[in-house]
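Read off the chains here:
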Amino acid sequence: MPEQLNDKRQVERLAELRKAIHFHNYRYHVLDDPVISDFEFDRLLAELKEIEAEHPEWVTADSPTQRAGARPAEKFQKVRHPAPILSLANAFSAQDVRAWFERIAKIDERVREANFVIEPKIDGLSVILHYQDGIFVMGATRGDGEVGEDVSNNLRTVHSVPLHIPVEDGMETIPGRLVVRGEIFMNIEDFEELNQRLERAGEKTYLNPRNTAAGSLRQLDPALTATRPLNLLTYQIVESDVPIPNLQWDRLEWLRRLGFPVTRAATVQPDLESAIRECDTWVTRRSMLPFEVDGMVIKINDRALADSLGFVGKDPRGALAYKFPAQEVTTRLRDIGVNVGRTGVLTPYAMLEPVDIGGVIVKQATLHNFDYIAEKDIRVGDRVRVKRAGEVIPYVIGPILDLRDGSEQVYVPPHTCPVCGEAVENIPGEVAWYCVNAACPAQLIRNLEHFVSRGAMDIVGLGIKIVEQLVEAGLVKDAADLFSLKKQDLLRLEGFADKKADNLLESIEASKQQSLERLINALGIHGVGEVTAVDLAARFQDLDELSNATLAQLQEIEGIGPNIARAIVDWFERPANQNVLAKLKRAGVWPRAERAQGMSAGPLALEGLVFVVTGTLPSFSRDVVKAYIQKHGGKVTDSVSKKTSYLVAGEAAGSKLQKAQDLGVPVLDEAGLMKLAEPK
Ligand code: IVH
């Protein structure tokens, strides 16, 4: 095909793909109602990425591929808002709301006939989004209301921020210039998941969804923001160069039709008393919302009337925040307890004098981590401020220093695990303290789950439920016990008949043949995942050699720094872990590295070959396969071209497979790759 014609087709396809991706993104992230599968969506995105990789000059700022593309910033640029970004006056009772109403009715009698829009007051942070000819061009934080910070690249990573409006055809007048205000926030569930993820990684956890959203949006590296599950809801049009509806209710609808996310929890109320009643119903209904709300906003529906009332300081008179009853109280900190999570992390918690927070009696609250206690100087016996926000677990905000009488005790974190009594460890640079005893009962189930999982020993048929049954019945006290299970033990468990017991014992037996890298990964050493396990198995013959490795030897391996090296050495030094190793050896679970020797002798089998890896492979993640190829001398690249020697394809391989076939690049499966890498 002539080059130009080809280009023209690709440009058309590019536009088609972008439009489709914007639309499906909107269905998924704004409407929560996707019409295609994730797989189909990924395929569209992959196709777009491929065209853009070939033609970088065609990439535009509003392309869906640009959501996570930008480089880290040194600092945020300041931007002046086109109009002051106002705040809201607060009311704390129905009386306050009525007093507000009387004040504004005195200014303009028409207020008495007004109706009101009631919206949830989302506990996030305000952002101002600028659109030029339908394209998202800039987004800023509120700042002081006059000047904010340009966080455009971070906002682009938020999937519910439309990069291109309108999302659906059929809107009559599209503004050339449009500035919209909304709230960036994090759903409570996502916040809790994120904190667990941070905790597992030994990083500092966040206090509440609001701080997390603010912290995530203000990261200098947009790639980091992209990993944070942020959301947007819009509620105000700051500026538009086409006429906009006068009623707030119609404005919300107008925004929604353009493709902006707008809350479904808003209502119109015919008069003030119904408005108050509606807000009051949300005191309990708030828990039905996936995000935190700290009150309801009452807005005069007629915006012309509302605006004509003017403002007091930074608060417009035509709207009011009706705050929910306080969720913050003070009480005495009786003692500090310590939980051991399934990841081995020690988490301190406050044992409180019972106290009523918003109708719930609270006796315990989280203290986060030991650094938090030290930073806030929280002492046993202190009077402390405690907050319960939405459905989130209550937490201690800090001590009330003025109420100290000298009897308070400075808290000393434990040196041993409160569950198993073994010494605890801190990894330099990480906040958390860990119990690293593989046989600690608090972590046993999780360790076993990891041990038997697909990327580790891959014991087929041994799922979480059976792991729990085995631990509860006292049959398994560490991973090595799996290999001494007897048929009569299994038959005692609920749901086990002859066949099931035989099958399970067979898969356990078969797993004894797993490779050294799988076993190393299965041990669950902090910081040693699939990739590092491959590296270690390439360097050491077996677990005896690995357990004798020195810090220096370990650090010679690329990708292993001082922290991981220390974690490995420590793990092997622990008597409890040595006991597990001895039992594994006795049971015959003692693989030797298959290829390490051969590799160091002759030339590497994949030397000079270029690979692309795609799709879901049966046993290993793509990262592990890539590391494996490199270990054997091969090179890994991202896109298929004439220079590609082999495409390694798993299930659902998609467009790369197509391209390889078009170019005549040979395709291998996982087993084929292993065979090719064997020393000749
Ligand atoms: S209206 C002049 N509506 O609450 C209009 N604000 O305490 C003022 N907020 O800074 C804003 N949800 O960040 C409005 N549905 C909502 C809101 C909302 C949350 C925030 C906003 C504002 C703060 C005022």
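The paragraphs below set out a description of the structure included in this document. (Residues numbered from 1 in each chain as written. Predicted model: local features only at pLDDT ≥ 70, side-chain atom pairs only at ≥ 80, totals over all residues. Heavy atoms only, no water.)

1. Concerning the overall build of the chain
Then, in step 1: When helices and strands are counted, the chain shows 25 helices and 26 strands.
Then, in step 2: Seen through its C-alpha atoms, the chain measures out along the principal axes to roughly 90 × 85 × 50 Å.
Then, in step 3: When burial is assessed residue by residue, the chain has 49% of its 680 residues classed as buried.
Then, in step 4: Considering only residue pairs separated by 6 or more positions, the chain has 67% of its internal contacts joining residues 24 or more positions apart.
Then, in step 5: Accessible area for the chain stands at about 32400 Å²; split by element, carbon and sulfur atoms hold 50% of it.
Then, in step 6: Put simply, the chain has 81 plus and 98 minus side-chain charges, and the middle of one group is 1 Å from the middle of the other. (Helix = DSSP H or I, 4+ residues; strand = E, 2+ residues; numbered from the N terminus. Buried < 20%, exposed > 50% of the residue type's maximum accessible area, 1.4 Å probe, protein only. Contact = heavy atoms within 4.5 Å. Areas by Shrake-Rupley, 256 points an atom, 1.4 Å probe, with all protein chains shown as cover. Lys, Arg positive; Asp, Glu negative; His and termini not counted. Charge placed at Lys NZ, Arg CZ, Asp CG, Glu CD.)

2. Quick notes on the site of the ligand
Then, in step 1: Surveying the vicinity of the ligand reveals 15 residues, the closest of which are E119, S126, R181, E183 and K299.
Then, in step 2: At 3.2 Å, a backbone N or O of P120 approaches a nitrogen atom of the ligand.
Then, in step 3: For the ligand, an oxygen atom lies 2.9 Å from a polar atom in the side chain of R181.
Then, in step 4: When residues of the shell around the ligand are traced back to their parent elements, those giving at least two are β3 (116-122), β7 (177-186), β8 (230-240) and β10 (293-300).
Then, in step 5: Broken down by element, the residue count for the shell around the ligand peaks at 4 residues, all from β3.
Then, in step 6: Among the residues making up the shell around the ligand, the classes are represented as 7 nonpolar, 3 polar and 5 charged. (Near = heavy atom within 4 Å. Polar contact = N/O pair within 3.5 Å; in protein donor to acceptor, adjacent residues only side chain to side chain. Nonpolar A, V, L, I, M, F, W, Y, C, P; charged D, E, K, R; others polar.)

3. Concerning helix α12 (residues 441-452)
Then, in step 1: Under the 1.5 Å per step criterion, the end-to-end length of α12 is 17 Å for 12 residues, consistent within 8% with the ideal 16 Å.
Then, in step 2: Every buried residue belonging to α12 is among A442, Q443, L444, I445, N447, L448, F451 and V452, and all of these are buried.
Then, in step 3: Where α12 is buried, its residues meet β14 (328-340), β22 (433-435), α13 (464-472), α16 (516-522) and α21 (575-586). (Expected span 1.5 Å × (residues − 1).)

4. Some details on the packing of α12 against α13
Then, in step 1: Relative to each other, α12 and α13 sit at 135 degrees, their axes nearing to 10 Å. Between α12 and α13, the angle falls in the class oblique. Classified by chirality, the crossing of α13 by α12 is right-handed. Contact with α12, carried on its side by L444, I445, L448, E449 and V452, involves I464, V467, E468 and V471 of α13 and no other residues of that element. (Axes fitted to C-alpha atoms, helices over the stretch in contact; angles between N-to-C directions. Parallel < 35°, antiparallel > 145°, perpendicular 65-115°, else oblique. Left-handed = near helix turned anticlockwise from the far one by under 90°.)

5. A short note on the state of the cysteines
Then, in step 1: Evaluation of the coordinates by the stated rule reveals 0 disulfides.
Then, in step 2: We note that C420 lacks a disulfide partner, and the nearest cysteine sulfur, in C435, lies 3.7 Å from it.
Then, in step 3: Its relative accessible area of 26% is what places C420 among the partly exposed residues. (Disulfide = S-S within 2.5 Å.)

6. Details of a nonpolar patch on the surface
Then, in step 1: A surface patch of nonpolar side chains, amounting to about 220 Å² of accessible area, comprises L247, W249 and V268.
Then, in step 2: Turning to its location among the elements, L247 is positioned in the loop between β8 and α8 (248-258).
Then, in step 3: The class for L247 is partly exposed, based on a relative accessible area of 31%. (Patch = residues over 30% accessible without salt bridge, like charges linked within 9 Å, V, L, I, M, F, W, Y side chains within 5 Å. Salt bridge = Lys/Arg side-chain N within 4 Å of Asp/Glu carboxyl O.)

7. Here's the deal with unusual backbone geometry
Then, in step 1: Omega for the peptide link from I165 to P166 comes to -5 degrees, which places this bond in the cis form.
Then, in step 2: Within the secondary structure, P166 sits in the loop between α4 (152-156) and β7.
Then, in step 3: In this model, D377 sits at a positive phi of 50 degrees, which is unusual for a non-glycine residue.
Then, in step 4: Here D377 lies in the loop between α11 (370-375) and β17 (379-380).
Then, in step 5: Here the phi dihedral of D458 falls at roughly 50 degrees; this positive angle occurs in a residue that is not glycine.
Then, in step 6: Examined against the element boundaries, D458 turns out to sit in the loop between α12 and α13.
Then, in step 7: Assessed through its relative accessible area of 27%, D458 is described here as partly exposed.

8. Focus on the sheet that holds β7
Then, in step 1: Spatial strand order, β5-β4-β7-β8: 4 strands in an open sheet with antiparallel pairing. The open sheet has two edge strands with one neighbour each: β5 (135-141) and β8. Going from strand to strand, the sheet's axes swing by 30 degrees on average, the running direction of each strand aside.
Then, in step 2: Relative to β7, strand β4 (residues 125-132) runs antiparallel, the two being bridged by 8 bridges. Bridge pairing links S126 to E183 in β7.
Then, in step 3: Along the sheet, α8 contacts β7 and β8; its crossing angle with β8, the most-contacted strand, is approximately 115 degrees. (Pairing = 2+ DSSP bridges.)

9. Things to note about the pattern of salt bridges
Then, in step 1: Overall, the coordinates contain 36 salt bridges when judged by the stated rule.
Then, in step 2: Among the ionic pairs, E253 bridges to R256, the shortest N-O distance being 2.8 Å. With E253 and R256 both in helix α8 and 3 residues apart, the pair spans about one turn of that helix.
Then, in step 3: The salt bridge involving R592 is made with D542; its shortest N-O contact spans 3.2 Å. Here R592 is found in the loop between α21 and α22 (596-601), whereas its partner D542 is found in the loop between α17 (530-539) and α18 (543-547), with 50 residues between them in sequence.
Then, in step 4: Exposure remark for R592: the relative accessible area of 49% places this residue in the partly exposed category.
Then, in step 5: A relative accessible area of 8% means that D542 is categorised as buried.
Then, in step 6: A single network of salt bridges, built from pairs that share partners, joins D377, R379, D382 and R404.

10. With respect to the packing of α17 against helix α23 (residues 622-631)
Then, in step 1: Interhelical geometry of α17 versus α23 gives an angle of 25 degrees and a closest axis separation of 8 Å. Considering their axes alone, α17 and α23 lie roughly parallel with respect to each other. For the element pair α17 and α23, the recorded crossing hand is right-handed. Only D623, V624, A627 and K631 of α23 make contact with α17, whose side of the interface consists of E530, V531, V534, D535 and A538.
Then, in step 2: Looking at the contact of α17 with α23 residue by residue, the classes come out as 5 nonpolar, no polar and 4 charged.

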